[in-house]
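Close look at the chain arrangement
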Amino acid sequence: MKIVLTLEFCWCRSILRDTLDRTTASNQCAGYGATPNNQVVGVGSGSTIVFAVDRLAERVHQEKLNIVCVPTSFQARQLILQHGLTLSDLDRHPELDVAIDGADEVDTELTLIKGGGGCLTQEKIVAGCSKHFVVIADYRSNSKALGQQWKKGVPIEVIPMAYVPVSRMIAKCFGGEANLRMAVSKAGPVVTDNSNFILDWKFEQALNWKEVNTAIKMIPGVVETGLFVSMAERAYFGMEDGSVQVRDALVK
Ligand SMILES: O=C(CO)[C@H](O)[C@H](O)COP(=O)(O)O
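It should be emphasised that the depicted structure is a prediction, and the values quoted were computed from it without experimental measurement.

Take the sheet that holds strand β11 (residues 222-225) next. With antiparallel pairing, the four strands of this open sheet are ordered in space as β9-β10-β8-β11. Both outer strands of the open sheet, β9 (177-180) and β11, are each paired with one neighbouring strand and no more. Neighbour-to-neighbour, the strand axes of this sheet turn through a mean angle of 30°, independent of strand direction. Strand contacts of helix α5 (residues 120-128): β8 (154-158) and β11, with the helix running at about 65° to β11, the strand carrying the most contacts.

Next up, the structure:
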């Protein structure tokens, strides 16, 4: 890990600085581990990851790197293909070197809320298969405690037939309310890449997220939660002034 970070630091110092917050953070992130050859990289979902993939593709083409990409969603798959990157999957590459992804909120311990784009399940699977998991976000996702910045709640992917009982159980056990996410340009609910529904759980107070994550996952019908606990080891925040703030997880 130390070697990876040292290499990354050297590379970061040499990159061309961009002016915009997310671009800069993404550029730094795309250099994670100095992107040596023969890396398997997990590609996250959302709007911020697009900047990182732009930069990754630039480096792959310019430096003729041999990088294989595993997507976390339909969107990520399209991004990989559109950038001419090598597409793979967990069948062929069940162990990744690094996964790069966005986040809706990141607290001081690098606990994340993810799934604003509805891709939390595949994102968590890919991150879980990666030696290193790195987050890129802008300053609006940087938070002291979950819920302070992100007001839309914790996304929870559920099997469609179970959304009502799961929603009731979550409200009963942990308070707040878990609402079915509705689509915007389609009648009815959002349907995930895995053909499931999403509940957005608006919690009322700070909780022990590790325990809550485990307890919610035990409810029949829950596929995955958007709580990423002890998974990310580094977060890059693009700040308003174009600088980048880096936060590392504490080594336990
Ligand atoms: O978890 C996600 C999608 O499921 C995204 O990574 C998260 O919503 C952040 O997105 P953006 O980069 O657009 O802010």
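That covers the picture; the talk isn't over yet.
For the rest of this paragraph, the subject is the domain arrangement of the chain. When cut into domains, the chain gives domain 1 (2-144 + 229-248) and domain 2 (154-225). On the domain 2 side, the residues contacting the 13 residues of domain 1 number 13 residues. Ranked by residue count, the leading element in the side of domain 1 that touches domain 2 is α5, at four residues. For the side of domain 1 that touches domain 2, a count of residues per class yields five nonpolar, seven polar and one charged.

For the rest of this paragraph, the subject is the sheet that holds strand β5 (residues 105-106). With antiparallel pairing, three strands are arranged side by side in an open sheet as β5-β6-β12. What marks the edges here is a single partner per strand, and that holds for β5 and β12 (227-228). Taken together, the two bridges between strand β6 (residues 112-113) and β12 define a ladder with antiparallel strand orientation. Following the sheet pairing, Ile113 is matched in β12 by Leu227.

Conventions and cut-offs
- Residues numbered from 1 in each chain as written.
- Predicted model: local features only at pLDDT ≥ 70, side-chain atom pairs only at ≥ 80, totals over all residues.
- Pairing = 2+ DSSP bridges.
- Helix = DSSP H or I, 4+ residues; strand = E, 2+ residues; numbered from the N terminus.
- Axes fitted to C-alpha atoms, helices over the stretch in contact; angles between N-to-C directions.
- Contact = placed C-beta atoms within 7 Å.
- Domains from an automatic or database assignment.
- Nonpolar A, V, L, I, M, F, W, Y, C, P; charged D, E, K, R; others polar.

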